[in-house]
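If you want the building blocks of each chain, they are given just below.
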Amino acid sequence: MHPLASLAALSASPAAISHLFDQLTGAAQTWLFVTLVQPLLWHLHMMDMDDLAYDGLLWVVYGALQVLLLYLVLRPLEWLAPLERWENRRGIGTDVIYTLVNRLGLLPLILFLTLQPLFDLALAWLHLHGLDNLNLDALWPGMSLHPLAGFLIYLVVLDFAGYWYHRWQHQIGWWWELHAVHHSQRKLSMWADDRNHFLDDALQAAFFAALALVIGVPPAQFVALTLVGGALQSVQHANIRFDFGRIGERLLVGPRFHRLHHAVGFGHELGHGNRARLYGCNFGVLLPWWDMLFGSADFSTPTQPTGVRAQLPSPAGLGENYGQGLWAQQVLAFVRIGRRIASALRDAAGTRPAT
Ligand SMILES: [Zn+2]
Ligand SMILES: [Zn+2]
């Protein structure tokens with residue numbers, strides 16, 4: 001299509017815009033495939049994977065657009081109205097790498113290739129036990145006729161699961177050590193969302209993909225849910241003074257609400273002697289409703305420094321190093337898990353000295 005004709009189409013209708021978007025993203029997908037991926041597959045004698053690689057590239061294009069858009073909107077806001085002012089931006093570059101590896105599809109691709117055989121086995125097991133009938137579409141046969149309503153229902157169901165999943169990440173000792181990679185960034189910015197342990201990423205991808213399959217989320221909607229969810233979570237971590245307002249932050253998790261989840265002494269640890277908050281507050285992924293329902297919401301505490309208490313110098317913390325670079329962060333999580341196992345074994349053997 002001629003560029004002027006494209007511009008004319010923009011003023012036409014949402015359908016024309018969507019068509020133009022598909023054409024542009026399709027062109028980028030084809031360009032990437034022909035220029036980079038096809039020669040590489042040819043070189044590696046892996047041409048039998050060309051269909052899979054071509055489809056996968058759409059993720060890369062969508063991911064790149066999402067990151068570009070977020071950068072253009074959030075980065076100027078972080079610069080103009082930062083909530084925290086830092087001496088330097090050291091350590092944030094690592095979060096940029098996590099974001100690119102994740103959102104541009106490299107990590108999802110590796111996970112897809114390694115998890116696929118396990119996934120097929122799990123699906124066969126579910127089928128054998130009649131569990132593939134949980135399909136929400138079967139409960140409300142008209143759902144597929146109302147894509148937006150379907151999208152919102154799937155979002156609410158997956159978000160409810162996400163709330164409990166996140167609480168387990170905090171409650172189960174070894175899992176917390178993996179999730180602590182996410183919490184150990186003391187300079188929260190728009191890049192912090194994807195700073196996670198890769199094993200945690202794999203567990204999360206497997207859990208939510210399995211759940212999406214069982215409840216019957218159509219693949220296109222799963223892609224849309226992932227993109228919308230990722231964008232909102234980048235906003236939640238941004239270092240900006242703005243928030244969604246009194247009502248808005250009760251409808252959708254905003255930066256202030258999630259920042260408190262990262263706060264030392266509030267987000268993870270026992271904060272106020274309240275049993276409901278034994279393992280922290282504000283676990284909601286996109287919707288704060290579950291926190292409000294299960295007594296773990298905190299809308300009132302003012303902004304606090306973020307991080308893990310053990311990182312603080314003694315006596316407030318243990319001066320624990322969670323790693324500056326990506327690989328150090330990954331390895332140190334396993335070291336902490338190893339320490340937990342050794343301590344549990346010592347306890348079991350009754351050899352721990354009395355304190
Ligand atoms: Zn958390
Ligand atoms: Zn976070």
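Okay, so let's go over this structure.

Each value, and the rule that gives it
Residues numbered from 1 in each chain as written. Chains lettered and ligands numbered in written order. Predicted model: local features only at pLDDT ≥ 70, side-chain atom pairs only at ≥ 80, totals over all residues. Heavy atoms only, no water. Axes fitted to C-alpha atoms, helices over the stretch in contact; angles between N-to-C directions. Helix = DSSP H or I, 4+ residues; strand = E, 2+ residues; numbered from the N terminus. Left-handed = near helix turned anticlockwise from the far one by under 90°. Contact = heavy atoms within 4.5 Å. Nonpolar A, V, L, I, M, F, W, Y, C, P; charged D, E, K, R; others polar. Patch = residues over 30% accessible without salt bridge, like charges linked within 9 Å, V, L, I, M, F, W, Y side chains within 5 Å. Areas by Shrake-Rupley, 256 points an atom, 1.4 Å probe, with all protein chains shown as cover. Salt bridge = Lys/Arg side-chain N within 4 Å of Asp/Glu carboxyl O. Buried < 20%, exposed > 50% of the residue type's maximum accessible area, 1.4 Å probe, protein only. Donors = N, O, S within 2.8 Å, 3.2 Å for Na, K, Ca; no water. Tetrahedral: all angles 85-135°; square planar, octahedral: opposite > 155°, others 65-115°.

Digging into the packing of helix H7 (residues 147-171) against helix H9 (residues 198-215)
Alright, step 1. Running from N to C, H7 and H9 point in directions that differ by 145 degrees, and their axes come no closer than 11 Å. Here the hand of the crossing between H7 and H9 comes out right-handed. Note on element contacts: H9 touches H7 through Asp200, Leu203, Gln204, Phe207, Phe208, Leu211, Ala212 and Ile215, opposite Tyr154, Val157, Leu158, Ala161, Gly162, Tyr165 and Gln169.
Alright, step 2. Grouping the amino acids of the contact of H7 with H9 by side-chain chemistry returns eleven nonpolar, three polar and one charged.

Focus: a nonpolar patch on the surface
Alright, step 1. Side chains of Trp168, Ile172, Trp174, Leu199, Leu203 and Phe334 sit close together on the surface and give an oily, nonpolar patch of about 530 Å² of accessible area.
Alright, step 2. Of the residues examined, Trp168 reaches a relative accessible area of 36% and is grouped as partly exposed.

Side note on the coordination of the zinc ion (ligand 2)
Alright, step 1. Looking at the zinc ion (ligand 2), one finds its protein donor set to be His182 (NE2), His237 (NE2), His258 (NE2) and His262 (NE2), positioned 2.1 Å from the metal centre.
Alright, step 2. Taken together, the four donor atoms coordinating the zinc ion (ligand 2) span angles of 90 to 160 degrees at the metal, a pattern that classifies the geometry as irregular.
Alright, step 3. On the primary sequence, the residues serving as donors to the zinc ion (ligand 2) are separated as H-x54-H-x20-H-x3-H.
Alright, step 4. The distance between the zinc ion (ligand 2) and the zinc ion (ligand 1) comes to 5.9 Å. Here His182, found in helix H8 (residues 173-183), pairs with His258, found in helix H12 (residues 255-261); they are 76 residues apart in sequence, far enough to count as distant.

Considerations on unusual backbone geometry
For residues besides glycine, phi is generally negative; the peptide bonds are generally trans as well.
Alright, step 1. Cis geometry is adopted by the peptide bond preceding Pro315, which originates at Ser314 and carries an omega value of 10 degrees.
Alright, step 2. One can find Pro315 in the loop between helix H13 (289-293) and helix H14 (326-349).
Alright, step 3. Despite not being glycine, Asn282 has its phi angle at roughly 55 degrees, a positive value.
Alright, step 4. Summarising the element assignment, Asn282 is placed in the loop between H12 and H13.

By themselves, these figures tell us nothing about what the structure is for.
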